[in-house]
Amino acid sequence: KIVTLAPELPGAERVVRFLVSKGVRVQMGHTCATAAQAKKAKGWGVTGVTHLFNAMGPLDRRVPSLADFALDDPDLLTELIVDGVHVSRELVGHTLRRRPRNKVVFVSDCCAASGFRPGHRARFAGGWVTTAKDGSLRRGDGTLAAGGQLISQIHHPLGRNHLSTGTAFNRIFRDYRGTDRQK
């Protein structure tokens, strides 16, 4: 079981400690947390970051964000959407050079509305989304709502980051304890 939350919200410490006491893995994500807030949350028992760089503060030279903290902390498990839409190939490469190899997990952001031809409209997360030319799902204002590719379909952006297909899929199938499912 995994719960993702924003550690800067009121009551977050109490929620994190309760969930951890029940054996739930707690991760930070979809948050404006600073690096200092992320460090505190790690002390409460948070062990990972959901969708690094997405719906969180940017890398910042003056006020470090969760993204900055996640790149430098050797212990946090870091989920990274590698579909070429959510995070640029260059930033994926930068992340892979900075993070311990056993602490990066490739994920997809696809959902039930994913996989349709461009122009297809569907209800998703309380509103309408349209499949864009790149396969992603976009809200009416153009905001990215979700990815459009299954994890098995996104090996090309990984290859452009100089990862072999074997290395890429080894990372994709790594479980949350840092071991390989294939072994």
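Presented here is a report on the structure given in the accompanying data block. (Residues numbered from 1 in each chain as written. Predicted model: local features only at pLDDT ≥ 70, side-chain atom pairs only at ≥ 80, totals over all residues. Heavy atoms only, no water.)

**Remarks on the side chain of His51**
Structurally, the position occupied by His51 is in the loop between β3 (48-49) and α3 (66-72). Beyond its immediate stretch of four places on either side in the chain, His51 contacts His30, Met56, Glu79, Ile81, Val107 and Asp109. (Helix = DSSP H or I, 4+ residues; strand = E, 2+ residues; numbered from the N terminus. Contact = heavy atoms within 4.5 Å.)

**Looking at the nonpolar core**
Residues Met28, Val49, Leu52, Phe53 and Leu80 are the most contacted members of the largest nonpolar core, which totals 29 residues. Looking at this core, the elements that each hand over two or more residues are α1 (12-21), β2 (25-28), α2 (35-44), α3, α4 (89-98) and β5 (104-107). If you tally residues by element for this core, the top one is α3, at five residues. Listed in part, the six residues of the second largest apolar core include Ala113, Ala122, Ala145 and Ala146. (Core = buried A, V, L, I, M, F, W, Y, C linked by side-chain atoms within 4.5 Å. Buried < 20%, exposed > 50% of the residue type's maximum accessible area, 1.4 Å probe, protein only.)

**Quick word on the pairing of β2**
Look at any regular strand and the pattern is simple: side chains alternate between the two faces of the sheet. Pairing analysis gives four bridges linking strand β1 (residues 2-5) to β2, with the strands arranged parallel. Following the sheet pairing, Thr4 is matched in β2 by Gln27. In this view, the connection linking β1 to its parallel neighbour β2 by way of α1 has right-handed handedness. Strand direction decides the pairing type here: β2 and β3, joined by two bridges, are parallel. Among the inter-strand pairings, Met28 is bridged to a residue of β3, identified as Val49. Where the polypeptide runs from β2 across α2 and back to β3, its parallel neighbour, the crossover connection is right-handed. (Pairing = 2+ DSSP bridges. Right-handed = clockwise from strand over helix to strand, strands pointing away.)

**What about α4?**
For α4, the set of buried residues is Val92, Gly93, Thr95 and Leu96. All buried residues of α4 project into a common sector of 160° when viewed along the axis, lining one side. Exposed side of α4, more than 90 degrees from the buried face: Glu90 and Arg97 are the residues found there. (Arc of directions from axis to C-beta.)

**Remarks on the sheet that holds strand β9 (residues 144-146)**
Pairing in this open sheet of four strands is antiparallel, and the strands run β6-β7-β8-β9 from one edge to the other. Of all strands in the sheet, those bounded by a partner on one side alone are β6 (121-124) and β9. Pairing between strand β7 (residues 127-131) and strand β8 (residues 137-138): two bridges, direction antiparallel. Bridge pairing in β8 links Thr130 to Arg138.

**Concerning the pattern of salt bridges**
Pairing between side chains of opposite charge can happen when their charged atoms approach one another. Counted according to the given criterion, the structure contains five salt bridges. Between Asp75 and Lys42 there is a salt bridge; the shortest N-O distance is 2.9 Å. In this pair, Asp75 sits in the loop between α3 and β4 (77-81) while Lys42 sits in helix α2, placing the two residues 33 residues apart along the sequence. When its relative accessible area of 45% is taken as the criterion, Asp75 is described as partly exposed. Here Lys42 falls in the partly exposed class, since its relative accessible area comes to 26%. Within the structure, one salt-bridge network assembled from shared partners comprises Lys42, Asp73 and Asp75. (Salt bridge = Lys/Arg side-chain N within 4 Å of Asp/Glu carboxyl O.)

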